[in-house]
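Chain residues, written in single-letter form:
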Amino acid sequence: MSFGTPLGVLDLVPIPSGATAPDALRNSLDLARRAERLGYTRYWFAEHHLNPGVAGSSPAVLLALTAAATSTIRLGSGAVQLGHRTALSTVEEFGLVDALHPGRLDLGLGRSGGRPPAEPAAPPPTATPVVDGRARNGLLIPPRFSFASLLGSPRLALQRRLLHLPGAEPQEYAEQLDDLLALLAGTYRSAEGVEAHAVPGEGADLQVWILGSSGGPSAREAGARGLRFAANYHVSPATVLEAVDGYRAAFRPSDVLDKPYVSVSADVVVAEDDATARHLAAGYGLWVRSIRTAEGAIAYPAPEEARAQPWSDQDRALVRDRVDTRFVGSPARVADRLEQLQDATGADELLITTITHDHAARVRSYELLAREWRRRSG
């Protein structure tokens, strides 16, 4: 374990039950300012659409707002969904923010964009063995979650229709990445030899990251281009090892990196003691259930609301992998689990995402973790 491993923040801009989207945005701006003072390295915003309980629909807009409220912390997207965007629009948006806040932005890119998730292929061989659901150091690697029940979801089909112009189809991912990198570098040429220059955007001092949940195209494309890679233990704990192994196997040195560089995310709730942390985390299962039934993320429930909801065995099975791999407890307990995650994945950074109904408890969770992490690093 590297005790100097930096910690970052991943923020979905969650809306607590009884609150509004403006409340959630104010909470996120407050948390970003506090995360900067606490020493967190990065603050990333996810992109989600048509979710009643999530206000983070446009990372670029959120970055612009947050950049004006902070001064040193790196700000990024985790991730811009390229499936319904063009390379040019992405470079121009981030170039605009970089023009006034140069050298602080991370452009995190994802492949999704409104289409239902596909069933995963058979997992590729990994360099990290998993025995009886555990990595070599004991990290829980649960069975894969099947998205089969979501493939015909009318809500996801509607989301895709609303995100895309009529008749539009996403550009092939590798080609889109090449276009984006060329626009940033100022080397773009069309097949006919016509130049294009994004202003602002060309020459922007951005760190480009690829986000991925498996060892598939995202991991391979990130490695082949020598880019930074972010893997999702909090979203897809079953495939985190194959994701980082696939990226490292595909890695080729570039002008940006001479060796692989990996960030891994984790869902975390920290409180002064384990019992308080478990109480604060009570709404998580219900929230995940709303996502995995294609209902869309509900407003994040208070612990009392969550405990009042009926649960079936089917419900528990639906969310078990996410609930079991959330790190909940005292600062020491959670830090131990994060060390285990870092050791199993070889992560260069860890990205912490914390959601609680009460904003003060969410801030406190990040404070307690930062204090414990500094203690161990010192």
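Look a little higher up for the structure.
Residues numbered from 1 in each chain as written. Predicted model: local features only at pLDDT ≥ 70, side-chain atom pairs only at ≥ 80, totals over all residues. Heavy atoms only, no water.

As for the nonpolar core
Spelled out, the test is: In this text, buried Ala, Val, Leu, Ile, Met, Phe, Trp, Tyr and Cys residues form a nonpolar core when linked through side-chain atoms within 4.5 Å. Here's how the labels work: a residue is buried when its accessible area is under 20% of the maximum for its type, exposed when over 50%, partly exposed in between, all with a 1.4 Å probe on protein chains only. Elements are defined by DSSP. Helices are runs of H or I of four residues or more, strands are runs of E of two residues or more, and each kind is numbered from the N terminus. Contact definition: two residues touch when any of their heavy atoms are within 4.5 Å.
The biggest cluster of nonpolar side chains holds 75 residues, and the ones touching the most others in it are Tyr40, Val264 and Leu338. Counting residues per element, this core draws most heavily on helix H13 (residues 359-377), at 6 residues. With near-sequence residues (within four places) excluded, Leu338 lies in contact with Ala266, Val268, Phe327, Leu350, Ile352, Leu369 and Trp373. Among the nonpolar cores identified, the runner-up in size contains 22 residues, and Leu10, Trp209, Leu286 and Ile298 belong to it.

Structural notes on helix H1 (residues 21-38)
Put simply, the test is: Multiply 1.5 Å by the residue count of a helix minus one, and that product is the helix's expected span.
When the terminal C-alpha atoms of H1 are compared, their 25 Å separation across 18 residues agrees well with the 26 Å that a helix rising 1.5 Å per residue should span. Turning to H1, its buried residues are Ala24, Ser28, Asp30, Leu31, Ala32, Ala35, Glu36 and Leu38. Close packing links the buried residues of H1 with strand S1 (7-11), strand S2 (42-45), helix H2 (59-69) and H13.

A few points about the side chain of Thr354
Structurally, Thr354 is set in the loop between strand S12 (349-353) and H13. The buried category is assigned to Thr354, whose relative accessible area is 0%. Residues contacting Thr354, with those up to four places away along its chain left out, are Val268, Val269, Arg362, Ser365 and Tyr366.

With respect to unusual backbone geometry
Trans peptide bonds make up most of the peptide bonds, and negative phi angles are found at most residues other than glycine. In the segment running from Gly78 into Ala79, the intervening peptide bond is cis, with an omega of 15 degrees. One can find Ala79 in the loop between strand S3 (74-77) and strand S4 (80-81). Backbone torsion omega between Val199 and Pro200 reads -10 degrees, so that peptide bond is classified as cis. Relative to the helices and strands, Pro200 is located in the loop between helix H5 (173-185) and strand S8 (206-212). Positive phi values are uncommon outside glycine, yet Asp132 reaches one of about 55 degrees. Relative to the elements of secondary structure, Asp132 occurs in the loop between strand S6 (130-131) and strand S7 (134-135). For Ala294, which is not glycine, the phi dihedral falls at a positive 65 degrees. For Ala294, the location among the structural elements is in the loop between helix H9 (284-292) and helix H10 (303-307).

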